[in-house]
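Listed below are the residues making up each chain.
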Amino acid sequence: MAEDSDLEKTESATPRRLQKAREEGQIVRSRELSTFALLAAGFFGVWGMSGSIGEHLQSMLRAAFTFDHAGAFETRRMMIGAGVASREGFYALLPILGFTGAAALFAPMALGGWQLSAKGLEPKFNRLNPIAGLGKMFSINGPIQLGMSLAKTLVVGVIGGTAIWNRREEILALATQPLHLALANTVHLIAVCCGMTVAGMFVVAAMDVPYQLWQFHKKLRMTKEEVKREHRESEGDPHVKGRIRQQQRAIARRRMMTNVPKADVVVTNPTHFAVALQYTDGEMRAPKVVAKGVNLVAARIREIAAENNVPLLEAPPLARALYHNVELNREIPGPLYGAVAEVLAWVYQLRRFKTEGGDVPLAPTELDVPAELDKGGVSDDEAEQEAADTLNPAINPDNDDASGASA
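No experiment lies behind these values; they were computed from the predicted model shown.

Explain the nonpolar core here, please?
General note: in soluble globular proteins, nonpolar side chains tend to be found buried as a group. In this structure, Leu277, Leu318, Leu322 and Leu336 are the most contacted members of the largest nonpolar core, which totals 27 residues. Of all the secondary-structure elements, those providing two or more residues to this core are β1 (265-268), β2 (273-278), β3 (288-294), α13 (316-325) and α14 (337-356). Residue contributions to this core peak at 7 residues, all from α14. In contact with Leu318, other than residues within four places in its own chain, are Val267, Leu336, Ala339, Val340, Val343, Leu367 and Val369.

Teacher, can you tell me more about the pairing of β3 here?
The side chains of a regular strand alternate, residue by residue, between the two faces of the sheet. When you tally the buried positions in β3, you get 6 out of 7 residues, the bulk of the element. Looking at chain direction, β2 and β3 are connected through 6 bridges and run antiparallel. Note that in β3 the partner of Leu277 across the bridge is Val289.

Sorry, what's going on with the confidence of the model for the chain here?
Detailed reading of the predicted model is not advised wherever pLDDT is low. Here the chain averages 75 in pLDDT, and 76% of its residues register 70 or above. For the chain, helix α16 (residues 397-406) is the element with the lowest average pLDDT, namely 36, and β2 is the one with the highest, namely 90. Confidence over residues 1-6 falls short of pLDDT 50; this stretch has 3 contacts with residues more than four positions distant or in other chains. Note on residues 387-407: pLDDT under 50 across the span, and 39 contacts to partners over four residues away in sequence or across chains.

How should the pairing of β1 be read in this particular structure?
Of the two faces of β1, both are covered, the one formed by Val265 and Val267 as well as the one formed by Val266 and Thr268. Pairing of β1 with β2, which is carried by 4 bridges, proceeds in the antiparallel orientation. Among the inter-strand pairings, Val267 is bridged to a residue of β2, identified as Val275. Taking the residues that link successive antiparallel strands as the turn, the β1-β2 hairpin has 4 residues. Pairing of β1 with strand β4 (residues 312-314), which is carried by 3 bridges, proceeds in the parallel orientation. When the sheet's bridge partners are listed, Val267 is paired in β4 with Leu313.

I keep staring at the pattern of salt bridges and nothing clicks. Help me out?
Opposite charge on two side chains permits pairing when their charged atoms draw close. Within the structure shown, the criterion is met by 4 salt bridges. For Asp264, the salt bridge identified is with Arg351, shortest N-O distance 2.7 Å. Of this pair, Asp264 sits in the loop between α11 (238-257) and β1 while Arg351 sits in helix α14; the two residues are 87 residues apart in sequence, bridging distant segments of the chain.

Can you walk me through the sheet that holds β4 in this structure?
Where strands meet in a sheet, backbone hydrogen bonds hold them as pairs that are either parallel or antiparallel. With respect to topology, 4 strands assemble into an open sheet ordered β3-β2-β1-β4, the strand pairing being mixed. What marks the edges here is a single partner per strand, and that holds for β3 and β4. The mean angle between the axes of side-by-side strands here comes to 20°, regardless of whether they run parallel or antiparallel. Running at roughly 125° to β3, helix α12 (residues 295-307) makes contact with β1, β2, β3 and β4 of the sheet.

I keep staring at the packing of helix α3 (residues 31-48) against helix α9 (residues 179-219) and nothing clicks. Help me out?
Geometrically, a packed helix pair is captured by the angle between its two axes and the distance between the axes. Viewed as axis vectors pointing N to C, α3 and α9 meet at an angle of 155°, and their least axial separation amounts to 8 Å. Our classification of the angle between α3 and α9 gives roughly antiparallel. Considering only the axes of α3 and α9, their crossing is left-handed. Of α9, the residues touching α3 (which contributes Arg31, Glu32, Leu33, Thr35, Phe36, Leu39, Ala40, Phe43 and Trp47) are Ala191, Cys194, Gly195, Val198, Met201, Phe202, Val204, Ala205, Asp208 and Val209.

Whenever I open this one, the environment of Gly200 confuses me. Can you help?
One can find Gly200 in helix α9. Not counting chain neighbours up to four residues away, the residues in contact with Gly200 comprise Val155, Val156 and Ile159.

What should I look at first to understand the side chain of Glu32 in this one?
Tracing the chain through its elements places Glu32 in helix α3. Aside from chain neighbours lying at most four places away, what touches Glu32 is Lys152, Met201, Val204, Ala205 and Asp208.

Just checking my understanding: could you explain unusual backbone geometry for this structure?
Among all residues save glycine, negative phi is the norm, and among peptide bonds the norm is trans. Positive phi values are uncommon outside glycine, yet Asn295 reaches one of about 55°. Here Asn295 shows up in helix α12. The backbone phi angle of Asn329 is positive, close to 60°, even though this residue is not glycine. Under the relative-accessibility criterion, Asn329 is labelled partly exposed at 43%.

Is there a simple way to think about the packing of aromatic side chains in this case?
Geometrically, a pair of aromatic rings is defined through the distance of the ring centres and the angle of the planes. On inspection of all chains with the given rule, the structure shows 3 aromatic pairs. A ring pair is formed by Phe273 and Tyr323, whose centres lie 5.1 Å apart and whose planes are at 65°; its orientation type is edge-to-face. Here Phe273 is found in strand β2, whereas its partner Tyr323 is found in helix α13, with 50 residues between them in sequence. Assigned by exposure class, Phe273 and Tyr323 land together as buried. The ring of Trp165 has Arg168 lying over it, and the distance from NZ or CZ to the ring centre is 4.1 Å. Lys292 extends its terminal NZ or CZ atom over the ring of Tyr323, reaching a point 4.9 Å from the ring centre.

Rules used throughout
- All chains use their own residue numbering, which begins from 1 and follows the written sequence.
- With the structure being a predicted model, the display of local features is reserved for residues of pLDDT at least 70 and the display and counting of side-chain atom pairs for 80 or more, all residues being used for whole-chain, interface and lining totals.
- Water and hydrogen atoms play no part in the side-chain values, which are based on all heavy atoms of the structure.
- Here, nonpolar core refers to any group of buried Ala, Val, Leu, Ile, Met, Phe, Trp, Tyr and Cys residues whose side-chain atoms link them within 4.5 Å.
- For the exposure calls, accessible area comes from a 1.4 Å probe over protein chains only, and a residue counts as buried if that area is under 20% of its type's maximum, exposed if over 50%, partly exposed in between.
- For the purposes of this entry, the term helix denotes a DSSP run of H or I that reaches at least four residues, the term strand denotes a run of E that reaches at least two, and both are numbered from the N terminus.
- Residue contacts are counted whenever heavy atoms from the two residues lie within 4.5 Å of one another.
- The pairing criterion is simple: DSSP has to find at least two bridges between the two strands.
- pLDDT: the predictor's confidence for each residue, scored from 0 to 100.
- Salt bridge, as applied in this entry: a Lys or Arg side-chain nitrogen positioned within 4 Å of an Asp or Glu carboxyl oxygen.
- The convention used is that axes are lines fitted to C-alpha atoms, helices contributing only their stretch in contact, and that angles between N-to-C directions extend from 0 to 180 degrees.
- Angular relationships are summarised with four words: roughly parallel below 35 degrees, roughly antiparallel beyond 145, roughly perpendicular across 65 to 115, and oblique for the angles in between.
- Should the near helix be turned anticlockwise from the far one by less than a right angle, the crossing is termed left-handed; should it be turned clockwise, right-handed.
- The rule is short: rings of Phe, Tyr and Trp, with Trp giving its six-membered ring, pair when the centres are within 6.5 Å, and they are stacked under 30 degrees, edge-to-face over 60, tilted in between.
- For a lysine, the NZ atom is tested; for an arginine, the CZ atom; a charge sits over a ring if that atom is within 6 Å of the ring centre and within 35 degrees of the ring normal.

Structure follows, in structure tokens:
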């Protein structure tokens, strides 16, 4: 049951899925909206440009039906008159063609915008499959489309019929009116009926647009597994990313181990923590941490320090404070200046003893470490990370760090 529910397309389309569908030419379209835009552009175009259209139509009719006696015997008269009439008719319709053309181009932008995709022009022979065609006819989408068509016909028919019925007396009165007045009233009645039809198409488009949006997003819904797979493809497989992070930590650790021989002193816990400090007078403002670690990594730091004659100092509070509060290659904070200064003084005395002899310097024991900086032992996260690194041979400090240190 869990697997079946997992295959249901219950998730909304991701931005990547929407972009891919757009690239394939799948965008929201509403035929009713385009039809309404064309009708509205044509109606208001004729309404606004009626004066100019009337003048061109008069010119066309005048050129077609006006000729002199000599012109009646001219064989080219018909072609000349047809050319003039065609030109005047084109001038009369040019504004309307401009309005309707603009409506046809800009109406789709209200939903899906413009999209030029070659994939939409590719032939798809599966559309010629009669079984698939029958499936579409008897699918849930078929009755919905039929209902929309019936609703469109009903709405437009009712509005147009109501407009004509309410003006039935005016229509019947046209027969008793003079010709010029009857023509003017006829044009007025036609304009009113056309306007009501456009209003009816607006109602149809207002119903169709939400349905097309819902249908489009429903078609692009995804299963939970598809969402997870897309997330893995875009963000990367978590296992691969974890492996990369482990390799990065291994590289950083090998690089860190190469700094241990350059350290002045290694402060230990003595077993859980190890922090290597370095200070160069005149080049550094304060001592900095060049290596640090817990458990096995700490043991490896102590081992490398012993191999390279780097002094080891057991100072648990200072080791814990340095480990928890100082990042790699960062200078120590001000509250630890005093304690670290005592450690470095002991290191310089130890160096002098090795070169000049004398009394063995005593290691400092009572170091002033603020209690708020001493955070205690190893945290659960640190212990878990240490265990993971130990189980992974690619980042085992006994392997990689040893090779890095010997380098």
